[in-house]
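Fold and geometry: a report
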Amino acid sequence: MSNAQKRLQAVKQQLTPDQEYANAVDPVASMSEERAKAAFDIRQMTYLLDGGQKVTELKEKIMQELERDPKFNMEDIHDITKSELRERTMEKFHSMLHHLQNESVDTFKKRMEIVSLVDPGFWTRFGVHYGLFVGALQSNATPGQLGYWFEKGALSLTNFVGCFAMTELGHGSNVPGLETTATYDEGADNFVIHTPTLTATKWWIGGAAHSATHAAVFAQLIVGGKRYGTKCFVVPLRDPKTYDTLPGVNIGDIGKKMGRDGIDNGWIQFTHVRIPRGYMLQKHTKVSRTGDVKEPKLQQLTYGALLQGRVMMVTDSGHVSKKALSIAIRYAAVRRQFANNGNDVETKLLDYPIHQRRLMPLLAQTFAMLFTGTEMLEMYNIMMSRLEGAREDDDDLNEVIEILKETHSTSAGLKAFCTWNCLSTIEACRQACGGHGYSAYTGLAAMYQDFAVQCTWEGDNTILTLQLGRYLISSYREALKGKKLSPGVGYLNNLDKLIGKRCQAKKLEDILDNDVIIEGWQVVCANVVRNAGLEFEECLKRGVQPDDAYEQCSQSRLYAAKLHSFSYLFNRFADGVSKTTGDIHKVLSKVCLLYGLFTIEENAGAFLQYEYFTPAQIEFVRSSVNALCKDVRDQAIPLVDAFNLSDYVINSPLGRKDGNVYVHYFNQVKRSNPQGGHPYFTRLIKPLIERDIDGGEYEDEEAGLEDEEDNEM
């Protein structure tokens, strides 16, 4: 028993029965009781998750600054109109520009990470310019072009607001299929940007409806009647002085969305709009004055920068899951429902095994995503540093390309896997809060609406999962030819050892080992990838073209990619936990084991199909998940506290750190919905209830009650 628990017990012994009951049901006391169970140093856990004490202190400073900034007041966010929300979104730009101009890149990235949790709509709107538009310049412009656009105001946001015009009404994930054209006119030395069909209309373009002056437009390059694929062009949209659209540019608002209504998403049509040749970004593909086109020999080297959005969504999934679980777990720690065994004190939701089952595996999954996101970001940064210096005649070029392939495919699969997981987590947390979870003020409904877009933007999740599946089949075929694969798919180099392998555990308890779980996942993944590969080979033998063969085995690819992602997350989590020590290691080991066993239970069919585990072993896994849910439950509040999100960031009365949920909830409802005269009694209700009906007015004191004598018969 900890010192805090001993003090709590001593206080209880001095209470009268009535005082003890009142204390037992007091939500603040209940939260304190949970906090006293901490078996590790919460602050040290926070440092681990954040990447060090300095980062934690920086994040706390930023959270406080945002909370005190009037422009970032979020208390009434659920009660304002779409127009009001869009205006507030633009108001926030002034605050962010101040920090952008006065902070280091790393500090500002941390600021935006927190902003994404506070106001995801503004985070996206600001990111459209600085993440997507400026990112397109950095990825596609020559040094001279980059300097030109920065001088024009793209970096300082002076007389210049950018947007990113890739998606079209008829095309999203299929970027090579975009219909907008950019035809070179050699005589005039310019490009003609044109929307040839309705489906070529640029659609979902953030910032286009009201605020953007320029767009990074992705269009089909046509020179001398020949198409050279999709390239990036900077196209002016509006006069920055009057905001009138320029000749040939037609822009509209696409209206209300499921979430993130602070973003003015719009549509754009171009009718023979002329731009200078230099407005085509020519870092990779170059078009000369005479119409000569020079393309890079290794086109894949240009793809690296496009992966940043996917990588960030892996980390974002972990952060948003932290916020959702902070609400649901804190509420479950103080909400009481039904009394058991003659006890007058009702039971905490968190003490019910079924509620533990609903939330503890999701908590474990969130830690897995956090550890994986950190590693994914490191992998991306390493890849970009290698790509920046890569040349076509480099000795290690093949190695660089392999790193790019793995990062591209892994980030595709993890973006899909983690965003799906996060969206499911938000909804599970909403339902775990019962009826109160349906209130907008508890934050989970808007969180779901705002996050749902992550499953379809930056690549539809199913398409991205299939990309990973395609990479797995390709890796399988290369492994058969003797090629040594990158670590993420290295298990495919050991097919002869993994196919047909059984769990070697002598006792059931021996299964509770990370190495056993890792091996089990390798066996299952080796089998499902091999099956997908064999199905692909069969298609080829029948004369099916490779692209069509991949489509015919798409279900096998999807399944293989899904299981590979489960395995990948567990491996990264286990590797991260292995580097910890002391009490933190003890607690995280249980959380990691819970995640590993839970993923096995969720995919028990595959482990039984390939006979790695027996039915008895799977049953033991299931019972072990129950036991671990209870163990992790005891540390649930300390673990959530380690996420270190302030009440301002969480912005939910049910997720308040002090546990006083009912007082905060009631006060929020009263503030947001002040009492007063009836809003529409005279206009609507009075005419309805006072209307004439057949029989006219009457007043029957008996009100239709039967005669007592009739009732006795």
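This text follows the structure it describes.
Since this is a predicted model, take the numbers as computed values, not measurements.

Turning our eyes to something else, we now look at the overall build of the chain. Scanning the chain from terminus to terminus reveals 26 helices and 11 strands. Across its three principal directions, the C-alpha atoms of the chain cover 100 × 80 × 65 Å. Taken over 713 residues, the chain has a buried fraction of 50%. Long-range pairs, those at least 24 residues apart, make up 74% of the contacts in the chain with a sequence separation of at least 6. As displayed, the chain has an accessible area near 33900 Å², and 51% of this comes from carbon and sulfur atoms. For the chain, the distance from the average site of its 79 positive side-chain charges to the average site of its 92 negative ones is 9 Å.

What follows deals with the packing of aromatic side chains. By the definition in use, this model includes 22 aromatic pairs. A centroid spacing of 5.6 Å and a plane angle of 90 degrees characterise the contact between Phe 93 and Phe 122, whose relative ring orientation is edge-to-face. Placement of Phe 93 in helix H6 (residues 82-102) and of Phe 122 in helix H8 (residues 120-140) is noted, with a sequence separation of 29 residues between them. Across the pair, Phe 122 and Phe 93 agree in class, each one buried. Between Phe 133 and Phe 160, the aromatic rings sit 5.5 Å apart at their centres with planes inclined by 55 degrees, giving tilted as the arrangement. One end of the pair, Phe 133, is in helix H8; the other, Phe 160, is in the loop between helix H9 (143-151) and strand S1 (162-165), with 27 residues separating them in the sequence. Using a relative accessible area of 0% as the deciding quantity, one classes Phe 133 as buried.

Along its 27 residues, helix H10 (residues 308-334) runs 40 Å from first to last C-alpha, staying within 8% of the 39 Å computed at 1.5 Å per residue. Within H10, 24 of the 27 residues are buried, which leaves it mostly tucked inside the rest of the structure.

This next bit is on a nonpolar patch on the surface. Taken together, the side chains of Phe 681, Leu 688 and Ile 689 define a hydrophobic patch exposed on the protein surface, amounting to about 290 Å² of accessible area. Position of Phe 681 relative to the elements: it lies in helix H25 (residues 681-689).

Scanning the model with the defined rule gives 0 disulfides in all. Cys 503 carries a free sulfur, and the closest cysteine sulfur to it, the one in Cys 525, is 16 Å from it.

Attention shifts here to the nonpolar core. Ranked by internal contacts, the top residues of the largest apolar core, which has 185 residues, are Phe 191, Ile 193, Phe 233, Ile 329 and Met 360. With 16 residues, helix H11 (residues 353-388) is the largest single contributor of residues to this core. Excluding residues within four positions of it along the chain, Met 360 makes contact with Ile 329, Leu 350, Leu 594, Cys 629, Val 632, Arg 633 and Ala 636. In this structure, Phe 536, Cys 539, Tyr 550 and Cys 553 belong to the second largest nonpolar core, which totals 8 residues.

Right, let's get into the side chain of Thr 285. Looking at where Thr 285 falls in the secondary structure, it is placed in the loop between strand S9 (273-276) and strand S10 (286-287). By relative accessible area, which is 4% here, Thr 285 ends up buried. Among the polar contacts made by the side chain of Thr 285, one reaches the side chain of Lys 231 at a distance of 3.2 Å. If we ignore the near neighbours within four places in the chain, the residues touching Thr 285 are Leu 221, Lys 231, Met 280, Val 293, Lys 294, Glu 295 and Pro 296.

What follows covers the sheet that holds strand S7 (residues 249-253). Spatially, the 3 strands line up as an open sheet ordered S4-S8-S7, and their pairing is antiparallel. Where the open sheet ends on each side, the last strands, each with one partner, are strand S4 (202-205) and S7. Going across the sheet, the axis of each strand differs from the next one's by a mean of 20 degrees, ignoring polarity. Pairing geometry for S7 and strand S8 (residues 266-270), over 5 bridges, is antiparallel. Looking at the pairing, Ile 251 lines up with Ile 268 of S8.

Taken as a whole, the second largest pocket holds about 700 Å³ of empty space. Together, 36 residues line the second largest pocket, and Ile 77, His 78, Ala 446, Met 447 and Asp 450 are the ones closest to its centre. Put simply, the parts of the chain that give the lining of the second largest pocket at least two residues each are H6, helix H7 (105-118), H8, H10 and helix H13 (444-451). Taken together, the residues that form the lining of the second largest pocket break down as 16 nonpolar, 11 polar and 9 charged.

With 10 of its 10 residues buried, strand S5 (residues 214-223) lies for the most part within the structure. Of the pairings in the sheet, the one linking S1 to S5 comprises 4 bridges and is parallel in character. Across the sheet, the residue bridging to Gly 162 is His 214, located in S5. Where strand S2 (residues 181-185) and S5 come together, 3 bridges link them in parallel fashion. Looking across to S5, one finds that Thr 181 is bridged to Gln 220. As paired elements, S5 and strand S6 (residues 226-236) share 9 bridges and run antiparallel to each other. In the strand pairing of S6, Phe 218 is matched with Cys 232.

Close approach of charged atoms allows side chains with opposite charge to pair. For the structure shown, the criterion picks out 41 salt bridges. Of the charged contacts, one joins Glu 33 and Lys 348 as a salt bridge, the two residues approaching to 2.8 Å between their closest N and O atoms. With a gap of 315 residues between them, Glu 33 in helix H3 (residues 27-35) and Lys 348 in the loop between H10 and H11 connect regions that are remote in the sequence. With a relative accessible area of 24%, Glu 33 lands in the partly exposed category. For the salt bridge of Lys 59 with Asp 50, the shortest nitrogen-to-oxygen distance reads 2.9 Å.

Parameters at a glance
Residues numbered from 1 in each chain as written. Predicted model: local features only at pLDDT ≥ 70, side-chain atom pairs only at ≥ 80, totals over all residues. Heavy atoms only, no water. Helix = DSSP H or I, 4+ residues; strand = E, 2+ residues; numbered from the N terminus. Buried < 20%, exposed > 50% of the residue type's maximum accessible area, 1.4 Å probe, protein only. Contact = heavy atoms within 4.5 Å. Areas by Shrake-Rupley, 256 points an atom, 1.4 Å probe, with all protein chains shown as cover. Lys, Arg positive; Asp, Glu negative; His and termini not counted. Charge placed at Lys NZ, Arg CZ, Asp CG, Glu CD. Phe/Tyr/Trp six-rings, centres within 6.5 Å; stacked < 30°, edge-to-face > 60°. Expected span 1.5 Å × (residues − 1). Patch = residues over 30% accessible without salt bridge, like charges linked within 9 Å, V, L, I, M, F, W, Y side chains within 5 Å. Salt bridge = Lys/Arg side-chain N within 4 Å of Asp/Glu carboxyl O. Disulfide = S-S within 2.5 Å. Core = buried A, V, L, I, M, F, W, Y, C linked by side-chain atoms within 4.5 Å. Polar contact = N/O pair within 3.5 Å; in protein donor to acceptor, adjacent residues only side chain to side chain. Pairing = 2+ DSSP bridges. Axes fitted to C-alpha atoms, helices over the stretch in contact; angles between N-to-C directions. 1 Å grid on protein atoms, 1.4 Å probe; cavity = no way out; pocket = protein on both sides within 12 Å on 5 of 7 lines; lining within 4 Å. Points joined across faces, edges and corners; volume = space filled by probe spheres on them. Nonpolar A, V, L, I, M, F, W, Y, C, P; charged D, E, K, R; others polar.

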